[in-house]
Amino acid sequence: MIRKEAIRLISKKIVGDVIVSANGYISRDLFEVNDKPTNFYMIGSMGLASSIGLGLALQNPKKMIHVFDGDGNILMNLGSLTTIGKLKPKNFIHIIFDNSSHESTGGQPTSTNKISIDAIAKAVNFKVFKCHSKNSLDKIFKKIKKMYGPIIILVKISKSKKISRRVSLPPKKIKARFMKSLQS
Amino acid sequence: MNEIHQRRIFDYLVKNKIENFIGVPDSTMKYFIDQGFKRKKVLITTREEEAIGIASGFALSKSNSLVFMQNAGFANSISTITSLVQLYEIPLIFLIGWRGYLKKDAPEHMKIGKIQPNLLKILDLPRKIITDKNWKASCNWALKKLANHESCTLIIRRVFL
C-alpha cells in the first residue's frame, strides 16, 4: 500500500471521531482524501501529534482519539510513548505509517527497518498490531473495536511519487472548526 | 521565591480554573510542583515540547493549562512555541525558571540566563517576573491574558545557588 491509499482506507473507518495528523505528507494526504472538521492538521511542531492527541484523549474520555503519525515523527518524540504508556488512556489509538524514511524532505532513511518500534511500544504498555496489507487492515480494525487503548497500529507503506497538495486552510481556521466539532 | 508563596500560587491558579499543570521539573519552583503533586494535578513529561503538545490538546478542548520548565527547557521549546502555540494561537501560561539570573550560577546556565529576556522579547511572548511581593497581581495578569485567548509567561528568578 502507498500512504495515501492507507490513509484513505483508515480515515473512512473513523466516522465522527477525532484524527490528529502529523506534519508533512500525512496531513496533506488526509486533507486531500477525507477532509473533515474533526481532523486536526498539525502543520509545524514535528513529533508532537501523539502529545496533542494525548491531551485530547485525557480531556475527552468519551471520544476516540486517533493519531496519524509517521515513523520520522514518532522517532522525534519517542518519550511521548512512555508518557502515554504511563497514563494508559483507553480512548487513544496511534496509527504509525512507516516507510522507513523522511519522505517529505527527500526520502532520507529513518532507523525503523533496523530497530523494532513494536517492541518499544509493547514495553511501554501499548497493545500493538502490525499491518502489511489492505486485508489485514480490515481484520485489525474489527479486532480493536472490542479493545481498550492505548493501541498502536504499525502500517507498513511503500514510497510513492504521488504527492498531495498542501493543507490550504489557515491554522486558525483548522483550530476553530476542530474545536467546534469537539463540542458536538 | 519562598515556599509558602509557591504553594499559594499553585492553589490560587487552581481556584481560578487552571486545570492542568504539565512540564519538566525545575528546583527553582520545587514547592509549586510539590503542591501540584499533593493535589494530584501535575503531569511530568520527558521533554518540554511534549508538555506543550499535551497542553495544546487540553486547550483545544477548552481546558486551561500551565506549562512549567527551566530556561534550558525553554530553549528546547522555541520551535514548538512558534509553530504550534503561536501559529494556531493556542492560549497557555508558561512558568519558566530563570537560572543564570545571578552572576555566579553554574556554568551551564550562564549563556541561556543572559539571553533569556531577549529571547522572550523577540518571540513576542508577553512576560512578567513573579515575586513574593507581586505574585497575586502577576497571576491575575496571566489569567486575564488566558481569558483573552493569549499565551503569556511568568518568570521565577533563581536567587539562591
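Presented here is an overview of the structure given in this document. Keep in mind that this is a model prediction, so the values were computed, not measured. (Residues numbered from 1 in each chain as written. Chains lettered and ligands numbered in written order. Predicted model: local features only at pLDDT ≥ 70, side-chain atom pairs only at ≥ 80, totals over all residues. Heavy atoms only, no water.)

### So, the overall build of chain B
If you tally the helices and strands in chain B, you get 6 helices and 6 strands. In terms of overall dimensions, chain B is globule-like: its C-alpha atoms have a radius of gyration of 14 Å, near the 15 Å expected for 161 residues. Expressed as a percentage of the 161 residues in chain B, the buried residues total 57%. The long-range share in chain B, meaning contacts at least 24 apart out of those at least 6 apart in sequence, stands at 73%. Element-wise, carbon and sulfur atoms account for 53% of the exposed surface of chain B, whose accessible area totals about 7,300 Å². (Helix = DSSP H or I, 4+ residues; strand = E, 2+ residues; numbered from the N terminus. Rg over C-alpha atoms; globule rule 2.2 N^0.38 Å. Buried < 20%, exposed > 50% of the residue type's maximum accessible area, 1.4 Å probe, protein only. Contact = heavy atoms within 4.5 Å. Areas by Shrake-Rupley, 256 points an atom, 1.4 Å probe, with all protein chains shown as cover.)

### Things to note about the state of the cysteines
All names here are of chain B. The tally for this structure, following the rule as stated, stands at 0 disulfides over all chains. There is no disulfide at Cys152, and the cysteine sulfur nearest it, in Cys139, is 9.9 Å away. Owing to a relative accessible area of 0%, Cys152 belongs among the buried residues under this scheme. (Disulfide = S-S within 2.5 Å.)

### Structural notes on the side chain of His109 of chain B
By the secondary structure assignment, His109 of chain B is in helix H5 (residues 107–122). Leave out the neighbours within four places in its chain, and His109 of chain B touches Gln70, Arg99 and Gly100 of chain B.

### Comments concerning unusual backbone geometry
Residue and element names in this part refer to chain A. Put simply, Gly149 and Pro150 share a cis peptide bond, and its omega is 0°. Within the element layout of this structure, Pro150 appears in the loop between helix H7 (134–144) and strand E8 (151–156). The backbone of Ser45 sits at a positive phi, close to 45°, despite the residue not being glycine. Looking at the element boundaries, Ser45 is found in the loop between strand E2 (39–41) and helix H3 (49–59). Residues other than glycine seldom take positive phi values, yet Lys88 does so here, at roughly 50°. Secondary-structure assignment places Lys88 in the loop between helix H5 (79–87) and strand E4 (92–98). For Lys88, a relative accessible area of 47% translates into the label partly exposed.

### Describing the environment of Arg158 of chain B
Residue and element names in this part refer to chain B. With respect to the helices and strands, Arg158 occurs in the segment after strand E6 (152–157). Considering only alpha carbons, one finds Arg158 and Phe94, 64 residues apart in sequence, at a separation of 16 Å. Not counting the four nearest positions on each side in its chain, Arg158 is found in contact with Asp26, Ser27, Thr28, Trp98, Arg99, Tyr101, Leu102 and Asp105. A distance of 3.0 Å separates a polar atom in the side chain of Arg158 from the backbone oxygen of Phe160. (Polar contact = N/O pair within 3.5 Å; in protein donor to acceptor, adjacent residues only side chain to side chain.)

### With respect to the sheet that holds E8 of chain A
Residues and elements named next belong to chain A. Strand order across the open sheet formed by 6 strands is E2-E1-E3-E4-E8-E7, with parallel pairing between neighbours. In the strand order of this sheet, the two ends are held by E2 and strand E7 (127–131), each with one partner. Strand-to-strand twist of the sheet, defined as the mean angle between neighbouring strand axes without regard to direction, takes the value 20°. Judged from the 6 bridges that link them, strand E3 (residues 65–70) and E4 form a sheet pairing that is parallel. In the sheet register, His66 faces E4, and the bridge partner there is Ile93. The strands touched by helix H1 (residues 3–13) are strand E1 (18–21), E3, E4 and E8; relative to E4, the strand with the most contacts, the crossing angle is about 160°. (Pairing = 2+ DSSP bridges. Axes fitted to C-alpha atoms, helices over the stretch in contact; angles between N-to-C directions.)

### So, the interface of chain A and chain B
With 30 residues of chain A at the contact, the number on the chain B side is 23 residues. Both faces combined, the contact of chain A with chain B buries some 2,100 Å², and carbon together with sulfur accounts for 67% of it. Close ionic contact of Lys172 of chain A with Glu89 of chain B constitutes a salt bridge, the shortest N to O distance being 3.6 Å. The interface formed by chain A and chain B includes 8 residue pairs in polar contact (both at pLDDT 80 or more). Of all the elements in the fold, those that place two or more residues in the side of chain A that touches chain B are E2, H3, H5 and helix H8 (171–183) of chain A. The greatest single-element share of the side of chain A that touches chain B, amounting to 8 residues, is contributed by H8 of chain A. A class-by-class count of the residues in the side of chain A that touches chain B yields 15 nonpolar, 12 polar and 3 charged. (Buried area = accessible area lost by both parts, 1.4 Å probe. Salt bridge = Lys/Arg side-chain N within 4 Å of Asp/Glu carboxyl O. Nonpolar A, V, L, I, M, F, W, Y, C, P; charged D, E, K, R; others polar.)

### Points about the sheet that holds E6 of chain B
Residue and element names in this part refer to chain B. With respect to topology, 6 strands assemble into an open sheet ordered E2-E1-E3-E4-E6-E5, the strand pairing being parallel. Unpaired on one side and paired on the other, strand E2 (42–44) and strand E5 (127–129) mark the two borders of the sheet. In this sheet, adjacent strand axes meet at a mean angle of 20° when their direction is disregarded. As paired elements, strand E1 (residues 20–23) and strand E3 (residues 65–69) share 4 bridges and run parallel to each other. Looking across to E3, one finds that Asn20 is bridged to Ser65.

### Details of the packing of aromatic side chains
Enumeration according to the criterion identifies 10 aromatic pairs over all chains in this entry. Geometrically, the ring pair formed by Phe92 of chain A and Phe126 of chain A is edge-to-face, given 6.5 Å between the ring centres and 65° between the ring planes. On the criterion of sequence distance, the pair formed by Phe92 of chain A in strand E4 and Phe126 of chain A in the loop between helix H6 (117–123) and E7 is long-range, its members being 34 residues apart. For Phe126 of chain A, a relative accessible area of 5% corresponds to the buried category. Members of the aromatic cluster, connected to one another through ring pairs, are Phe40 and Phe178 of chain A together with Tyr88 of chain B. Cation over ring: Lys90 of chain A sits above Tyr148 of chain A, and NZ or CZ is 4.7 Å from the ring centre. We note Lys128 of chain B situated over the ring of Trp141 of chain B; from NZ or CZ to the ring centre the distance is 5.2 Å. (Phe/Tyr/Trp six-rings, centres within 6.5 Å; stacked < 30°, edge-to-face > 60°. Lys NZ or Arg CZ within 6 Å of the ring centre and 35° of its normal.)

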